[in-house]
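The chain contents come next:
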Amino acid sequence: MVADAAQMYEEIDGRRILDGLDALIDIHRRRGYIGVALLRGTQLRWWLIRQLHPMRRPTQVLTWERIRCGLIAGLLQRTIAVGEAVYRQKVGVPVGGLLSSIGAALALGADEARWIKDEIQTFGQAGLTVAGARYVDDVLIMSKLLCKTCLVKLTESIYTPPVAFELQEGSRQNQPWLDLALRSEDGQLAIGMKHDELAWL
């Protein structure tokens with residue numbers, strides 16, 4: 001089953017995103033971490049840190065407080081440019097901003113973590129009969145046991161309202177998700193490209 005939260009950014013408020021960040025920070029604080037170190041280069045590398053000490057450039061240290069302040073500043077950015085026009089967003093969280101995908105991860109990720117924890121406590125590890133993935137607001141949930149209607153109801157139980165996922169139609173042989181085409185071959189998941197790749201010019 002593939003679904004999309006079409007109005008997610010309008011439906012999630014900043015408080016929900018901050019609550020998700022605070023829950024993550026609390027987990028890492030209890031393990032003794034005080035922040036994150038970032039090493040900029042051809043690839044961005046990062047690691048959790050337990051103490052502040054001088055680091056050579058281009059390493060940058062972000063404490064939990066600094067990360068939280070940055071997120072709040074990003075949530076306050078509510079102007080959207082469309083062509084020559086500039087609009088101010090009245091509800092929800094910034095659409096298309098630098099922190100949009102982070103906001104989605106914090107809000108929806110908290111729902112997913114809560115659901116997994118509840119399922120394991122109720123049914124044990126064997127009770128998890130689904131596999132899933134999410135990219136920002138596009139979700140993919142698969143199961144060999146549950147029907148599509150059951151998966152839709154499952155999605156409704158995972159994510160906190162008012163966020164609602166709309167089912168994206170596909171065929172039994174081919175289900176598009178992002179740029180991938182998913183299909184079942186002899187009971188196994190086969191992954192291909194949604195569109196044929198063009199030869200490089």
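Here the structure is shown first, and the text comes after it.
Parameters and conventions
- Residues numbered from 1 in each chain as written.
- Predicted model: local features only at pLDDT ≥ 70, side-chain atom pairs only at ≥ 80, totals over all residues.
- Heavy atoms only, no water.
- Core = buried A, V, L, I, M, F, W, Y, C linked by side-chain atoms within 4.5 Å.
- Buried < 20%, exposed > 50% of the residue type's maximum accessible area, 1.4 Å probe, protein only.
- Helix = DSSP H or I, 4+ residues; strand = E, 2+ residues; numbered from the N terminus.
- Contact = heavy atoms within 4.5 Å.
- Salt bridge = Lys/Arg side-chain N within 4 Å of Asp/Glu carboxyl O.
- Pairing = 2+ DSSP bridges.
- Axes fitted to C-alpha atoms, helices over the stretch in contact; angles between N-to-C directions.
- Phe/Tyr/Trp six-rings, centres within 6.5 Å; stacked < 30°, edge-to-face > 60°.
- Lys NZ or Arg CZ within 6 Å of the ring centre and 35° of its normal.
- Lys, Arg positive; Asp, Glu negative; His and termini not counted.
- 1 Å grid on protein atoms, 1.4 Å probe; cavity = no way out; pocket = protein on both sides within 12 Å on 5 of 7 lines; lining within 4 Å.
- Points joined across faces, edges and corners; volume = space filled by probe spheres on them.
- Nonpolar A, V, L, I, M, F, W, Y, C, P; charged D, E, K, R; others polar.

### A short note on the nonpolar core
Counting 32 residues, the largest nonpolar core has Met8, Ile12, Ile17 and Phe165 as the members making the most contacts within it. When residues of this core are assigned to their parent elements, the largest contribution, five residues, is made by helix 4 (residues 100-123). In this view, Ile12 contacts Ile17, Gly92, Val93, Ala107, Leu108 and Val163; residues no more than four positions away in its chain are not counted.

### So, unusual backbone geometry
Between Pro161 and the following residue, Pro162, the backbone shows a cis peptide bond with an omega angle of 15°. Here Pro162 lies in the loop between helix 5 (148-158) and strand 9 (166-168). Look at Val136: it is not a glycine, yet its phi comes out positive at around 55°. For Val136, the position within the fold is in the loop between strand 7 (131-135) and strand 8 (138-142). A relative accessible area of 17% places Val136 in the buried class.

### Thoughts on the pattern of salt bridges
Under the criterion given, the structure shown has eight salt bridges. The partner of Asp111 in a salt bridge is Arg16, and the shortest N-O contact between them spans 2.5 Å. In this pair, Asp111 is assigned in helix 4 and Arg16 in helix 2 (residues 14-30), connecting sequence segments 95 residues apart. Side by side, Asp111 and Arg16 carry an identical accessibility label, which is buried. It is possible to trace a salt-bridge network through shared partners that takes in Arg15, Asp19, Asp22 and Arg68.

### Brief notes about the sheet that holds strand 2 (residues 35-39)
Taken in spatial order, the three strands of this open sheet run 3-2-4, and their pairing is antiparallel. Two strands lie at the open edges of the sheet, namely strand 3 (45-49) and strand 4 (59-63), each paired on one side alone. For this sheet, the mean angle separating the axes of adjacent strands, direction not counted, is 25°. Note: strand 2 against strand 3, five bridges, orientation antiparallel. Bridge pairing links Val36 to Leu48 in strand 3. Relative to strand 4, helix 3 (residues 64-76) is tilted by about 85°, and along the sheet it contacts strand 2, strand 3 and strand 4.

### Quick look at the packing of aromatic side chains
Within this structure, the stated rule accounts for one aromatic pair. A ring pair is formed by Tyr159 and Phe165, whose centres lie 4.7 Å apart and whose planes are at 45°; its orientation type is tilted. Exposure class is identical for Tyr159 and Phe165. Each is buried. The aromatic ring of Tyr33 is capped on one face by Arg50, whose charged end is 4.2 Å from the ring centroid.

### Remarks on the side chain of Asp137
Topologically, Asp137 is positioned in the loop between strand 7 and strand 8. Buried charge Asp137 goes without a salt bridge, the closest partner of opposite sign being Arg134 at 7.9 Å.

### Some thoughts on the layout of surface pockets
Quantified by volume, the largest pocket comes out at close to 890 Å³. If you trace the largest pocket, you find 26 residues lining it, with Leu21, Leu24, Ile67, Ile102 and Leu106 closest to the centre. Breaking the lining of the largest pocket down by element, the ones donating at least two residues are helix 2, strand 2, strand 3, helix 3 and helix 4. Of the residues belonging to the lining of the largest pocket, the class tally is 20 nonpolar, five polar and one charged.

### Regarding the sheet that holds strand 1 (residues 2-4)
Strands pair in a sheet through their backbones, by hydrogen bonds, and they do so in one of two ways: parallel or antiparallel. A sheet is described by the order of its strands in space; here four strands give the open sequence 7-8-1-9, paired in antiparallel fashion. A single partner strand is all that each edge strand has here, and the edge strands are strand 7 and strand 9. Each strand axis lies, on average, 25° off the axis of its neighbour in the sheet, ignoring direction. Direction of pairing for strand 1 relative to strand 9: antiparallel, over a ladder of three bridges. The residue bridging Val2 from the neighbouring strand is Gln168, located in strand 9. Helix-sheet contacts for helix 5 involve strand 8 and strand 9, and the interaxial angle to strand 8 is about 125°.

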